[in-house]
Amino acid sequence: MGKYLHLRMSGGKPPSGLRRSAVPAFVLILFFLAGLCSDVQAQESAASRSRRAANTSAAEATVTVNEQFLNSFLTAIFDNLNEPSMPLTVGGASSTAQCRSEIRLKREVNGVRTAVHFEQGRIVGPLAFAGAYSSTLMGCIEFSGWADAEVNLEFNAQRRALMARFHVREIHLNDVPVVLSGPLLNMVQGAIDQRYNPVELFTLDQLSTRVNIQPAGGALQLRAKEIRPEITPSALTLHITYEFVRG
């Protein structure tokens, strides 16, 4: 099935009269969830079938991502896109033509490589960076180093989305006066909180779709209703609750 992707759907064998032309429709149900995931399992639970009402059907799909996939995704960003950057606009920082106050995510700095690791209930990892800080009193200060970061996930019912909140716990700087370590830590965390936190990862609309089933003479809407994240030392699993509606 490939190095990163595994698909499985349970629920019994299809009726003997099902034509081959119907197979792609069912395959789409699985593959639309695999956009950012390396290890995917989708299945309808037996318990959910007992909760069917009228023309709707509830089910749960699980999307499982391992560390290897996420770190390969980070590598692809550095290989194919610009280095992610963020302006530093708090704490008196200002940008000039000669000195742009910003912080840039780096693939690696002094042997420390940007990566993610799973712990029980959270995602952690070092973030290598470099940047500059334009100070009226001290001029242009260039810096580099790495940050010990933590990411927490939660489902926001009002925004109908899975949200991530980043927290920088400690910054390790190279060749920067000690007096600036504390202010830079507060500046970076403040910039993250003001401009990015919380980060919207997936919305329920993005995880919903419509599937035409020609042999059955119609289509079904797969509506995502809720996302429950589960982080273990081996994987990140998203439990997505669905309802099936004719349409």
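Residues numbered from 1 in each chain as written. Predicted model: local features only at pLDDT ≥ 70, side-chain atom pairs only at ≥ 80, totals over all residues. Heavy atoms only, no water.

Give me the lowdown on helix 4 (residues 181-195), citing residues and values where you can.
End to end, helix 4 covers 21 Å across 15 residues, agreeing with the expected 21 Å (1.5 Å per residue, within 8%). If you check which residues of helix 4 are buried, you get Leu184, Met187, Val188, Gln189, Gly190, Ala191 and Ile192. On its buried face, helix 4 sits against strand 3 (85-87), strand 4 (102-105), strand 8 (122-135), strand 9 (139-156) and strand 10 (161-174). (Helix = DSSP H or I, 4+ residues; strand = E, 2+ residues; numbered from the N terminus. Expected span 1.5 Å × (residues − 1). Buried < 20%, exposed > 50% of the residue type's maximum accessible area, 1.4 Å probe, protein only. Contact = heavy atoms within 4.5 Å.)

So, the environment of alanine 149: which residues are in play, and what are the values?
Turning to its location among the elements, alanine 149 is positioned in strand 9. Residues alanine 149 and glutamate 170 lie 21 residues apart in sequence; the distance between their C-alpha atoms is 7.3 Å. In contact with alanine 149, other than residues within four places in its own chain, are Ile123, Val124, Gly125, Leu127, His167, Val168 and Arg169.

Explain the layout of surface pockets to me, and be specific about the residues and the numbers.
Volume-wise, the largest pocket comes out at about 1,300 Å³. Taken together, 43 residues form the lining of the largest pocket, with Leu74, Leu105, Leu127, Val151 and Phe166 sitting closest to its centre. Here the lining of the largest pocket takes six residues from helix 3 (residues 67-80), the largest share from any one element. When the residues that make up the lining of the largest pocket are grouped by side-chain class, the tally is 37 nonpolar, three polar and three charged. (1 Å grid on protein atoms, 1.4 Å probe; cavity = no way out; pocket = protein on both sides within 12 Å on 5 of 7 lines; lining within 4 Å. Points joined across faces, edges and corners; volume = space filled by probe spheres on them. Nonpolar A, V, L, I, M, F, W, Y, C, P; charged D, E, K, R; others polar.)

How would you sum up the confidence of the model for the chain? Please name residues and give values.
Mean pLDDT for the chain: 77, with 74% of residues reaching 70 or above. Confidence scores differ between elements of the chain, with strand 1 (residues 39-42) showing the lowest mean pLDDT of 36 and strand 13 (residues 218-231) the highest of 95. Below pLDDT 50 for its whole length, residues 1-56 participates in 88 contacts with residues either more than four positions away or in separate chains. (pLDDT = per-residue confidence, 0-100.)

Just give me the short version of the nonpolar core, but keep the residues and values in it.
By size, the foremost hydrophobic cluster in this structure holds 26 residues, and its most contacted members are Ile123, Leu153, Ile227, Leu238, Ile240 and Tyr242. Of all elements in the fold, only strand 2 (56-65), helix 3, strand 9, strand 10, strand 12 (209-213), strand 13 and strand 14 (236-246) reach the threshold of two or more residues within this core. Residues Phe129, Phe143, Val176 and Val188 belong to the second largest nonpolar core, which totals 17 residues. (Core = buried A, V, L, I, M, F, W, Y, C linked by side-chain atoms within 4.5 Å.)

Help me get a handle on the pairing of strand 9, residues and values and all.
Here 13 bridges tie strand 8 to strand 9, and the two strands are oriented antiparallel to one another. Bridged to serine 135 within strand 9 is glycine 139. The antiparallel hairpin formed by strand 8 and strand 9 contains three residues in its connecting segment. Judged from the 13 bridges that link them, strand 9 and strand 10 form a sheet pairing that is antiparallel. (Pairing = 2+ DSSP bridges.)

I'd love a proper account of the environment of phenylalanine 129, names of residues and values included.
Mapped onto the elements, phenylalanine 129 comes out in strand 8. It is 5.7 Å that separates the C-alpha atoms of phenylalanine 129 and tryptophan 146, two residues lying 17 residues apart in sequence.

Break down helix 3 for me, with residues and values.
Under the 1.5 Å per step criterion, the end-to-end length of helix 3 is 20 Å for 14 residues, consistent within 8% with the ideal 20 Å. Turning to helix 3, its buried residues number three or more, namely Phe69, Asn71, Leu74, Ile77 and Phe78.

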